[in-house]
Amino acid sequence: MEAFLNPHFPFDPSLATGVLPTYWAGPRHLAGDDGRPYDAVADNLAGFGWTSLTVVRGRRELDEPLEDLQVLRSTVLHISPDALRWAQWVLPDEPFYLGGLPIAWQVSARSDASSPLANWSAYFTRDVPGEIIADFLLALDACGQPTLASAGPGVVLDAVTAHGWFRDAEQPQTAAMHPTFTARISLGEVPPFIQDADPRALTAEVKEQEAMGWQAWAEPAMGTPYLWAASFSASVPHSLVAAFATSLSSTAPVLRRVLPESTRDQLLWAPSS
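Residues numbered from 1 in each chain as written. Predicted model: local features only at pLDDT ≥ 70, side-chain atom pairs only at ≥ 80, totals over all residues. Heavy atoms only, no water.

Draft legend 1. Main features of the packing of aromatic side chains. A full pass over the atoms with the stated rule returns 11 aromatic pairs. Between W120 and F136, the aromatic rings sit 6.2 Å apart at their centres with planes inclined by 70°, giving edge-to-face as the arrangement. On the criterion of sequence distance, the pair formed by W120 in strand β7 (residues 120-125) and F136 in helix α2 (residues 130-142) is long-range, its members being 16 residues apart. Members of the aromatic cluster, connected to one another through ring pairs, are W120, F124, F136, F232 and F244. (Phe/Tyr/Trp six-rings, centres within 6.5 Å; stacked < 30°, edge-to-face > 60°. Helix = DSSP H or I, 4+ residues; strand = E, 2+ residues; numbered from the N terminus.)

Draft legend 2. Looking closely at the packing of helix α3 (residues 154-161) against helix α5 (residues 238-249). Running from N to C, α3 and α5 cross one another at 10°; their axes reach a closest spacing of 8 Å. What the angle tells us is that α3 and α5 run roughly parallel. The two elements α3 and α5 meet at a crossing, and its hand is right-handed. Contacts between α3 and α5 involve V155, V156, A159 and V160 on the former and, on the latter, H238, S239, V241, A242, A245, T246 and S249. Residue composition of the contact of α3 with α5, by class: 7 nonpolar, 4 polar and no charged. (Axes fitted to C-alpha atoms, helices over the stretch in contact; angles between N-to-C directions. Parallel < 35°, antiparallel > 145°, perpendicular 65-115°, else oblique. Left-handed = near helix turned anticlockwise from the far one by under 90°. Contact = heavy atoms within 4.5 Å. Nonpolar A, V, L, I, M, F, W, Y, C, P; charged D, E, K, R; others polar.)

Draft legend 3. Layout of the sheet that holds strand β1 (residues 23-26). Strands sit in the order β13-β1-β14 across an open sheet of 3 strands; the sheet is antiparallel. Each end of this open sheet is capped by a strand with a single partner; those strands are β13 (254-256) and β14 (268-271). Going across the sheet, the axis of each strand differs from the next one's by a mean of 35°, ignoring polarity. The pairing of β1 with β13 spans 3 bridges and is classified as antiparallel. Pairing of W24 across the sheet is with L255, part of β13. (Pairing = 2+ DSSP bridges.)

Draft legend 4. Highlighting the pattern of salt bridges. The tally for this structure, following the rule as stated, stands at 7 salt bridges. Its salt-bridge partner being R126, residue D33 comes within 3.8 Å of it at the nearest N-O pair. A residue pair is termed long-range when its members are at least 10 positions apart, and D33 in the loop between β1 and α1 (39-47) and R126 in the loop between β7 and α2 qualify at 93 residues. Residue class for D33 comes out buried when judged on its relative accessible area of 6%. What makes R126 partly exposed here is its relative accessible area of 37%. The closest approach of N and O atoms between E261 and R264, which form a salt bridge, is 3.7 Å. (Salt bridge = Lys/Arg side-chain N within 4 Å of Asp/Glu carboxyl O. Buried < 20%, exposed > 50% of the residue type's maximum accessible area, 1.4 Å probe, protein only.)

Draft legend 5. Quick peek at the nonpolar core. Counting 50 residues, the largest nonpolar core has F124, I185, F232 and F244 as the members making the most contacts within it. Residue contributions to this core peak at 6 residues, all from α5. Sequence-distant contacts of F124, that is, excluding residues within four places in its chain, are made with I103, A104, W105, V107, I133, F136, A229, A230, F232 and F244. I194, A211, W217 and A229 belong to the second largest nonpolar core, which has 9 residues in total. (Core = buried A, V, L, I, M, F, W, Y, C linked by side-chain atoms within 4.5 Å.)

Draft legend 6. Spatial organisation of the environment of V258. Along the chain, the position of V258 falls in the loop between β13 and β14. Through-space distance from the C-alpha of V258 to that of Y23 is 8.9 Å; in sequence the pair is 235 residues apart.

Draft legend 7. Expanded view of the pairing of β1. Here β1 shows no split at all, with Y23 and A25 on one side and W24 and G26 on the other all buried. Strand direction decides the pairing type here: β1 and β14, joined by 4 bridges, are antiparallel. Residue Y23 lies in a different strand from β14, and its bridge partner there is P271.

Draft legend 8. View of unusual backbone geometry. Note that the residue after G26, namely P27, is joined by a cis bond; omega there is 0°. Topologically, P27 is positioned in the loop between β1 and α1.

Draft legend 9. Spotlight on the packing of α1 against α2. Interhelical geometry of α1 versus α2 gives an angle of 25° and a closest axis separation of 8 Å. Viewed along their axes, α1 and α2 adopt a mutual orientation that is roughly parallel. The two elements α1 and α2 meet at a crossing, and its hand is right-handed. Packed against α1, whose contacting residues are A40, V41, N44 and L45, the element α2 presents G130, I133, A134 and L137 at the interface. Its residues assigned to classes, the contact of α1 with α2 comprises 6 nonpolar, 2 polar and no charged.

Have a look at this one:
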């Protein structure tokens, strides 16, 4: 759907009464998660037929009333019908940070349902637009074997450059950025604690043997805190990262009721009706 985007259109959700008005906003990498980091993704998983399980851990003293139960850890796990892929809502858990931001979703896959270990994992912080995570999950749900590599890393950069992103002049084969320099995707050494079946992810001691994975982030202005970050472990198939990259770089606007304070002045928006 096409929408005329006007940077000067007055946007003030605080003036609304009752239900907030909706706006078409872009670019999507700066549009945030609409204040719905869980629902925006979980609704799509339900549509895929994935089963959701709520796990709550807590501490309760002997003879303590149930209402006084101290919850220490709570999460929701969504599992695909074939049990080869799953998405875990981890924001309520013990903090796990990426780019200085707490991770909201961890998506994992394995080649054998009898194995308790994931072959790879991908991580998304808050404010990664739900549309982008949903497109990644759609590609994951649709692929026959979620751990099978069927394409080279070039498909990821091809996906973003097809939408006008620029390859990094110093790393043209491994990195690209939005024309406004507010978002970047690159193939490089994975951050610590990113789970992957590749043993190099845990034992890398020689530089030539470091595990390499895709990383993406949005930085509203040079030197400012990231709006969001995403990390893909070394064994995530490039074709799946390409699905994420295609959605990330899409020029189609997204519907929003709530916009991030840090990027509101950089967005174009128009009423949805």
